[in-house]
Every structure is written in structure tokens, then in C-alpha cells.
Amino acid sequence: MASTNIVSLLGWSFLPNLVTGWVQSIYYGLTIRAGDRKPAPGTARHAEHRRRIHMLVVSLYLLYTIYEADYELRRASDYYADLGVAHGASERDVKSRFRRLAALHHPDKIMSSSSSADGSSDSDFFIHLKTASDTLVDPARRFAYDRFGPDAAAWKHCLTIRDFVGRGVQVVLPYYGFAALAMYALGLLGYLDWGRYWRWLTLVVLCVFELHVATRPAFPRFLDAFLNPLLRFTAHPPYLPFQVVSLARRLSVTLHVAFSQLGPLLQQASTEQQQKGEADEQAMLLQNLDRLEQTTRAMDADTARLMELEMAPFAGDNEAITGMRSKLKEWLVQNTIRSDPMVRDALGRELQKRRIDAPAGARGNR
């Protein structure tokens, strides 16, 4: 498992960038006519095309790694599939099936008709069938195999279910403790800034799920009630709990790496969209200000024209124009004072101070 994760990390480190360059060259060769200029590297159009193609390549590679992890689980098989029994097979069914297979693959029976190499491989297969049968017949070992996989067969000094659960928890907790320390260290170095909350949530949920699988007497409900019944309509074999856990671990590592590559791209797209929105908003504001300025100039011109028309009868009469100006000035001052909120508020308070029960014409305050 560790070597597989290392190979996956190495693939994520250079394959998406390499394939993105190839796909972008092929895309330009198919969509741009001969003689037309292709977007030059460093231009906004070239960067936008590369960002979209890179996101597509990373998404497809993510789907491929999911398929690859599932394919490796199916290729590794399990004790139930090797014996040809169902997950809910009883002890009697397992023993009966093993006797039939032993009659076909026992080394003493096929030694005379097989070469030395074939005999060695058949002997190893028979030993594997014997181990599978012994594991599934023993309730404690079967419980441990369903939840921890073939590694549980190598755990010494484990006889009861409690022993296997305790040993399994001792294996699970250090794994997630190391993963948490690695995520924290990478976060301090600035490598896991994007999606930090979801990364930690994924790690905690996966740890709780694995502890739940390891300590409960039955299979997870979603596995028995949803996933495995759905797989019956396909050629895919049903999952065991340890296979689901193994697949979830592999997917968590893959998703962390994929998020590290998709995060900056999505953040760049969001930043560009936000900058574009701010630029559009600023342009609209400037346009509205220009319209307001034009409207103000038009109103000033109309006002000046109306004033000229009103003052036309007094043209040449300086005395009348001077009197008109003084009257207009007085009117403007009086109108401004009366319409001022503070002046109106003061007048209202003064009127409220007058006696309500005073006779008409009386003066004085309360």
C-alpha cells in the first residue's frame, strides 16, 4: 500500500502538467486553421486555455486513480471469492466448499501429472485455500479478516474478538496520528492552505468510520443495505469492510493531492471573476457619473435660457433689474430658512410652548 501511494504521488507531481501541454497543443492543432496565429504563451487567452485543460486533465486523472484503486482490490481478491462462497456463508458451507476444492487442488493428487513448477504453484494455492478456510471457520479470525484484511492473520497472541479489536485499534490510531501530523506540518509550510477545513474534516470522518467498522459486530449499514445490493446488478463483486476502508484511504490521499492542484486553479478563476466584476462595476459607475454630469449641464443650460427669457422684458432697465435681483435674493433667503429642518424644528418647539387653554390673542408662555 505504501509503495502504491508513493507511485501515485509521483504520478500526480508531473503527469498532469505534462499531459496538459500535449492536450493544449493538440487542441490548437484541431481548432485553429492553418495560417492563423495561435495564442502565444504568456497571453491571457493562452493562460485561460491552459487552466481549463489542466482542470480537465486533473479531474480525469482523479477518476483514473479511483478506477485503478478499485481494480487492484478486485485483482487481489479475498478469501470468500477464492473459496467461492458468499459473505454470509455459514461454517458448514465453508467446510463443504473447501473439501470440494481440496479434492481438485491437493498436492498429492496433482503431483504425478504436473511438472515441478506447476506442482509448486498448485501447492501454494492449496495452502492459500487452507488458510482461507481456517480463517473463515474461526469466528474471531473471520471477524478480524473482514475488518482488517489478510494482515490480521499475522497478528500473534490474538485469540478472541476483543484481542483482534484491540490490536486493530493500535494499528489504526497511529496511522491517522501520523497523517494529522503530516497535514499540520504541510499546513505550516503553506502547502495545504486551500480547503484546509475540508481536509481536516475528511481525515476525522475517515478515522471515525474506520473505528466504527473495526468495533461494530455487523457490517456497516450502507454497505449491506445500499452499496453491495447495488453491485449485484453489475459484474463487480461485493465489498468487504476492509476493502472499503482500503479504498477510502487511497481515495483520501488522491483527493488531497488533487485538491492541491485544483485549488489554485479554482481560486485563480474566482479571483479573475471577482476582478472582472469589480472592473464592470467601476465602469458602470463612471458611465453613470458621465450621464449625471451631462444631465446637470443640460439643466444649467435650460435654467440660464429660462432666466434670459424671464428677464427679457426688463432688458435695458437697470433699476428694474436691480430691484428684481434684490427681491429674488430675499425670496431665496427666506425660502431657504423656512425649508431648513433645524429652523422648522425650532419653530415647532416654540409653538408647543404656547398655552393651550389661553384665549385668542393672549400672549405669554406656560
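Residues numbered from 1 in each chain as written. Predicted model: local features only at pLDDT ≥ 70, side-chain atom pairs only at ≥ 80, totals over all residues. Heavy atoms only, no water.

Things to note about the overall build of the protein
Where we set the bar: In this description a helix means any DSSP run of H or I spanning at least four residues, a strand means any run of E spanning at least two, and both kinds are numbered starting from the N terminus. Only protein chains enter the calculation, and the probe is 1.4 Å; a residue is then buried if its accessible area is under 20% of its type maximum, exposed if over 50%, and partly exposed in between. Here a residue-residue contact requires only that any non-hydrogen atoms of the pair lie within 4.5 Å. Only the protein chains shown count as cover for residues, and all accessible areas are computed by the Shrake-Rupley method using a 1.4 Å probe.
A tally of helices and strands in the protein yields 13 helices and zero strands. Going from the N terminus to the C terminus, the protein shows its helices and strands as α-α-α-α-α-α-α-α-α-α-α-α-α. Taken over 366 residues, the protein has a buried fraction of 28%. Restricting to contacts in the protein with at least 6 residues of sequence separation, those with at least 24 account for 60%. Carbon and sulfur atoms make up 61% of the accessible area of the protein, which amounts to about 25,700 Å² in all.

Looking at unusual backbone geometry
Not every positive phi belongs to a glycine, and Ser-77 is a case in point at roughly 60°. The class of Ser-77 is partly exposed, set by a relative accessible area of 24%. Unusually for a residue other than glycine, His-157 sits at a positive phi of about 60°. The topology assignment puts His-157 in the loop between helix H7 (139-148) and helix H8 (161-188).

A short note on the nonpolar core
Applied cut-off: Put simply, buried Ala, Val, Leu, Ile, Met, Phe, Trp, Tyr and Cys residues joined by side-chain atoms within 4.5 Å make one nonpolar core.
Within the largest apolar cluster, 36 residues are counted, with the highest numbers of intra-cluster contacts made by Leu-83, Leu-136 and Tyr-145. Within the residue set of this core, elements represented by two or more residues are helix H2 (44-76), helix H3 (79-83), helix H4 (91-105), helix H6 (116-137), H8, helix H9 (196-215), helix H10 (221-231) and helix H11 (241-311). Filtering out sequence-adjacent residues up to four positions away, Leu-136 remains in contact with Tyr-79, Tyr-80, Leu-83, Val-94, Arg-142 and Tyr-145.

Looking at a nonpolar patch on the surface
For clarity, the threshold we go by: Nonpolar side chains (Val, Leu, Ile, Met, Phe, Trp, Tyr) within 5 Å and like charges within 9 Å form the patches, drawn only from residues with over 30% relative accessible area and no salt bridge. Salt bridges are identified by distance alone: a Lys or Arg side-chain nitrogen within 4 Å of an Asp or Glu carboxyl oxygen.
The grouping of Leu-56, Leu-60, Leu-63 and Ile-66 at the surface amounts to a nonpolar patch, some 370 Å² of accessible area in total. Turning to its location among the elements, Leu-63 is positioned in helix H2.

Comments concerning a positive patch on the surface
Put simply, the rule reads: All tallies of charge rest on Lys and Arg as positive and Asp and Glu as negative; His and the ends of each chain are not included. Lysine's charge is taken at NZ, arginine's at CZ, aspartate's at CG and glutamate's at CD.
A contiguous patch of positive charge on the surface is contributed by Arg-92, Arg-97, Arg-99 and Arg-100. Among the secondary structure elements, Arg-92 is positioned in helix H4. Take Arg-92: its relative accessible area is 71%, and that puts it in the exposed class.

Some details on the packing of aromatic side chains
Defined as follows: Between rings of Phe, Tyr and Trp, where Trp is taken as its six-membered ring, a pair exists when centres lie within 6.5 Å; planes separated by under 30 degrees are stacked, by over 60 edge-to-face, and by other angles tilted. In this scheme, the term charge over a ring applies when either NZ of a lysine or CZ of an arginine sits within 6 Å of the ring centre and within 35 degrees of the ring normal.
The full count for this structure, using the stated rule, is twelve aromatic pairs. With a centroid separation of 5.8 Å and 50° between ring planes, the pair formed by Tyr-27 and Tyr-28 is classed as tilted. The exposure class assigned to Tyr-27 is partly exposed, which follows from its relative accessible area of 38%. Of the residues examined, Tyr-28 reaches a relative accessible area of 6% and is grouped as buried. Taking 6.3 Å as the distance between ring centres and 20° as the angle between the ring planes, the aromatic pair formed by Tyr-67 and Tyr-71 counts as stacked. Residue Tyr-67 and its partner Tyr-71 are located together in helix H2, separated by four residues, close to a single helical turn. The rings of Tyr-79, Tyr-80, Tyr-145 and Phe-242 are connected pair by pair, giving a single aromatic cluster. In this structure, Arg-147 packs its charged tip against the face of Phe-143, placed 3.8 Å from the ring centre. Above the face of the Tyr-175 ring, Arg-249 is positioned so that its terminal group lies 3.8 Å from the ring centre.

Remarks on the environment of His-157
The exposure class assigned to His-157 is exposed, which follows from its relative accessible area of 80%. With ten residues separating them in the primary sequence, His-157 and Arg-167 have C-alpha atoms 9.9 Å apart.

Observations concerning the pattern of salt bridges
Counted under the stated rule, the structure contains eight salt bridges. Arg-51 is the salt-bridge partner of Glu-48, the closest N and O atoms lying 2.6 Å from each other. Remark: Arg-51 and Glu-48 occur in helix H2; sequence separation between them is three residues, near one turn of the helix. For Arg-51, a relative accessible area of 10% puts it in the buried group. Put simply, Arg-74 and Asp-70 hold a salt bridge, and the shortest N to O gap is 3.2 Å. Within this pair, Arg-74 and its partner Asp-70 are both found in helix H2, separated by four residues, close to a single helical turn. Assessed through its relative accessible area of 10%, Asp-70 is described here as buried. One connected set of salt bridges, linked through shared partners, spans Glu-48, Arg-51 and Arg-52.

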